[in-house]
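Coordinate analysis (summary)
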Amino acid sequence: MGEQFRRKSPEEILESIAKVNRGRLKIILGAVSGAGKTHHLLLEGNELKKRGIDVVIGLISTSTPPKTIEQIGHLESIPPIHWNHYGTMRQDLDLEGIIKRNPEVVLVDELAHRNRPESKNKTRLHDVLELISKKISVITTLNTYELHGVKQIAEKQLGVRIKVSDSLPENTLYLADEVKLLDVSPKVILNRLGDWENIKNHRNEKGREALFQRDNLAVLREIALRYVAEEVNVSLDDYREKQGLVGASGATEKILVSVQYHWNGSILIRRGHQIAKRLGGDLQVVCFRFVKKPLSKNEAAFRRSIKKLVEKLGGEFEELPFTTEHVAEVIIEYAMKKNITRIVIGQSKRSRWEEILYGSIINKILRKTHNIDIFIVADRSEKNGERVLPAKKTKQDVSDPFHRLTKKEIEAEIHKIKAGTLKVYIGSAPGVGKTYTMLREANALKENGIDVVIGFLETHGRKETLEQVGSLEIISRKKITYKNVMLEEMDTEAIIDRNPEVVLVDELAHTNIPGSKYVKRYQDVEEILQAGISVISTMNIQHLESLNDHIYQITGVRVRETVPDHLLRKANEIELIDISAKALRQRMREGNIYAMNKVEQSLNHFFKTGNLIALRELALREVADDVDERLESLEHKRTLRGPWRKEEVIFVCVNLRHDSERLIRRGFRIAYRLKASWYVCFVKDHSPLTMEEEDMLQKVISLTERLGGTFEMYRATNRRKVVAELARQMNEKNATQVIIGQSARTRLEEMIKGSVVQKLLRLVRHLDVLVVADQKPVHVNNRHS
């Protein structure tokens, strides 16, 4: 609290002045050549010029395609210096010419470049830093694999040597005031390169041909998304620390494995590592030990092997001393400090009576924290050291190759061929530019002779978005009277009758007016796709059904309009429209998102800096996971997220409480990431259900079916046999993991009646158990956020 009142040192004052008294640096980042970085560079330059900013072009790549060159328009250029490098013509910035011209902003392509030997600065990065020091702002472009550390990862993953002019240090992005990632699918890149006259130059370079294979492009795309997500996570942690916030942000998974120097330590670590990789999170391993007790020879040996294993798996290891018996309190304090979302521990060794007398470590942790789940690894002591990550089991194709397709199978195949394709632009929040980008793509399609129309468009009064409509045909909306008010809705029948090749449908998560054929707009889209019409649509990450609880945790807002995950999984293409939190808040202040009378309220609520950073990270990671899933379905070994257990079967246990839907969404996300079959089960005893419980039961069944799970209801003769019936069903279905909610009973009630969680843990020691903690939003209403 006192930090904001502390007097700054002279050094800190000088550093602050230096930051204010310099130009800004913006880096437009792409996964690979062809992502459209130069195109966006010129677009931004023209937008700034329209606003009266003095912008010049310092350098544009010689390999830029003609269509992009057209974007230069009336922008002033300062001719670069040409020089010969072993028979290849190269370009350097005319640094002196730019400084003499002294523009407000200079556009500089290809940041990763080594200058000619006699140049004042060795690299283009040094040129850019000098321009910034002269109060000239720079917008520049970069491929992620041109960063040294990323290049090494990419080469290892692809098995291809990537040729770059000059690798930049990994901390290059830290120098930027803003980083914008251009997320483009491999299909789009290959289409662009196919139309590019200079494609031969790219493919004929050594290593380029392998680089531009579809799968390799997907890997590079995922690496870029995950790299930027990590950078965003760092800025989110910094922001939360300054705001005095502790605990999990809700944007990413951080797995903590608590171990002792024991034979099962490696099992816990490997399971924790698998969870971290499959969920796109970080791995932290900690061992708390009594300082007064020296390690035995066995413990010392286990200590060495555990440290070696954690290092090999890319996690972080800490050994911390403690002098108290209150292990739960120590773990809680450490987990909150490290922003942990899930604690991985072994099965409790306490007997039932010991737990009644002294309490359960698991329940102590859950009661004193929010948003931190507990994952209890199955007890495998009878199989000392058993490997918990069995290799993928491939199912043998037992179908007869000479088998004739049935009429139903033929119809299904024809339907697949006839159905339209779906492309979805995803954003982290309103106003990132999804609709603008969708319209720009539609105009490009029309130029190429594709019959494209607008089925539904919502500009929210944004002038620059409306300008992108151009000459695109708009299908008139259908008018519907509701409560004596005339309202408008998308006319699905008119779109199908018009039968274009492609239709644009904005705001996929929209709820239709009561009385419409479908409740949700995505259902209209499904009908349009079935009619053989391709759809390009838009949505924000907060509208994805399975992320509903994450969004509530981040923002404190419960999103009511959602899109089921299966629709995005069926989409042929997904692209993220990325923008920094700072840039988005600036767009809001300028009135480019909502009307000016709503700006202040939005900036202090949903559009707070912390919310936007967290939502951006969530969007980056979600799209990266989607890329990985699609790549993994084609070639398992190429996945960046590690091994998974093919035989996983997950049980989600609900009891019709308020958190039942959250447990189901959590179960779906875990099952999907682990490629597992999953069940949602409820055990009904002899007591009749209340009206509230009946209503919740229908919601549970509906959500389970919507997310692709199997709902089952079992019966028990009385409440005492509910847990036993659950355990019997799990064993019968060969379950490997159980998901249950936190116990609602107080400590006193548990002593008298017992704990359902503890009863279940004792009966299913051979299964992994995830105990999901109660959820609370972590946002704060900070006026200056």
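Because the structure is a prediction, the values reported are computed rather than measured.

On to the overall build of the protein. If you tally the helices and strands in the protein, you get 30 helices and 26 strands. Sequence-distant contacts in the protein: of pairs separated by 6 or more residues, those separated by 24 or more amount to 76%.

The next point concerns helix α12 (residues 297-313). Helix length check: α12, at 17 residues, gives a terminal C-alpha distance of 25 Å against a target of 24 Å (1.5 Å per residue), a fit within 8%. Among the residues making up α12, those that are buried are I306, L309, V310 and L313. An end-on view of α12 places all buried positions within 95° of arc, on one side of the element. With respect to the buried face of α12, the exposed residues turned more than 90 degrees away are K297, R304, K308, E311 and K312. Of the surrounding elements, those touching the buried residues of α12 are α11 (265-278), β10 (282-290) and β11 (316-322). Two residues or fewer past α12, G314 is found with a positive phi of approximately 80°.

Let us look at the confidence of the model for the protein. On average, residues of the protein score 84 in pLDDT, and 84% of them are at 70 or above. Overall, residues 382-398 carries pLDDT values under 50, and its contacts beyond four positions in sequence, including any with other chains, amount to 19 contacts. Taken together, the stretch residues 780-785 has pLDDT below 50 and engages in 13 contacts with residues farther than four places along the chain or on a different chain.

In this section: the packing of helix α23 (residues 581-589) against helix α24 (residues 596-603). Closest axis-to-axis distance for the α23/α24 pair is 9 Å, and the angle between their directions is 145°. From α23, R585, M588 and R589 reach across to α24, where they touch M596, V599, S602 and L603. When the residues that make up the contact of α23 with α24 are grouped by side-chain class, the tally is four nonpolar, one polar and two charged.

Pairing of strand β17 (residues 478-482) with strand β18 (residues 485-489) involves five bridges; the strand directions are antiparallel. Each residue of the ladder has a partner; that of K478, found in β18, is E489. Turn length for the β17-β18 hairpin, with the two strands adjacent in sequence and antiparallel, is two residues, and the turn residue K483 shows positive phi of about 55°.

Our next topic: the pattern of salt bridges. Opposite charge on two side chains makes pairing possible when the charged atoms of those side chains draw close. On inspection of all chains with the given rule, the structure shows 55 salt bridges. The partner of R521 in a salt bridge is E489, and the shortest N-O contact between them spans 3.0 Å. One end of the pair, R521, is in helix α20 (residues 521-530); the other, E489, is in strand β18, with 32 residues separating them in the sequence. Considered together, R521 and E489 belong to a single accessibility category, that of buried residues.

Attention now goes to unusual backbone geometry. The phi torsion at K483 lies on the positive side, around 55°, for a residue other than glycine. Mapped onto the fold, K483 is located in the loop between β17 and β18. The residue N734 is not glycine, and still its phi comes out positive at about 55°. Relative to the helices and strands, N734 is located in the loop between α28 (722-732) and β25 (737-741). Taking the relative accessible area as the measure of exposure, N734 reaches 56% and is therefore exposed.

Let us look at α24. Looking at α24, one finds that the buried residues are V599, S602 and L603. For α24, the angular spread of the buried residues around the axis is 85°, confining them to a single face. Projecting away from the buried face of α24 at angles above 90 degrees are the exposed residues N597, E600 and Q601. Of the surrounding elements, those touching the buried residues of α24 are α23.

With that out of the way, let us pick up the sheet that holds strand β13 (residues 373-376). Reading across from one edge, β11-β10-β9-β12-β13-β26-β25-β22-β23-β24 is the order of the ten strands in this open sheet, with mixed pairing throughout. Sheet topology places β11 and β24 (710-715) at the edges, where each strand pairs with a single neighbour. Across the sheet, the mean angle from the axis of one strand to that of its neighbour is 25°, orientation sign disregarded. Where strand β9 (residues 254-258) meets β10, five bridges bridge the pair, whose relative direction is parallel.

This part takes up the side chain of R521. By relative accessible area, R521 is classed as buried at 1%. Ignoring any residue separated from it by four or fewer positions in sequence, one finds R521 in contact with F456, E489, M490, V505, D506, E507, L508, H510 and N512.

Cut-off values and rules
Residues numbered from 1 in each chain as written. Predicted model: local features only at pLDDT ≥ 70, side-chain atom pairs only at ≥ 80, totals over all residues. Heavy atoms only, no water. Helix = DSSP H or I, 4+ residues; strand = E, 2+ residues; numbered from the N terminus. Contact = heavy atoms within 4.5 Å. Expected span 1.5 Å × (residues − 1). Buried < 20%, exposed > 50% of the residue type's maximum accessible area, 1.4 Å probe, protein only. Arc of directions from axis to C-beta. pLDDT = per-residue confidence, 0-100. Axes fitted to C-alpha atoms, helices over the stretch in contact; angles between N-to-C directions. Nonpolar A, V, L, I, M, F, W, Y, C, P; charged D, E, K, R; others polar. Pairing = 2+ DSSP bridges. Salt bridge = Lys/Arg side-chain N within 4 Å of Asp/Glu carboxyl O.

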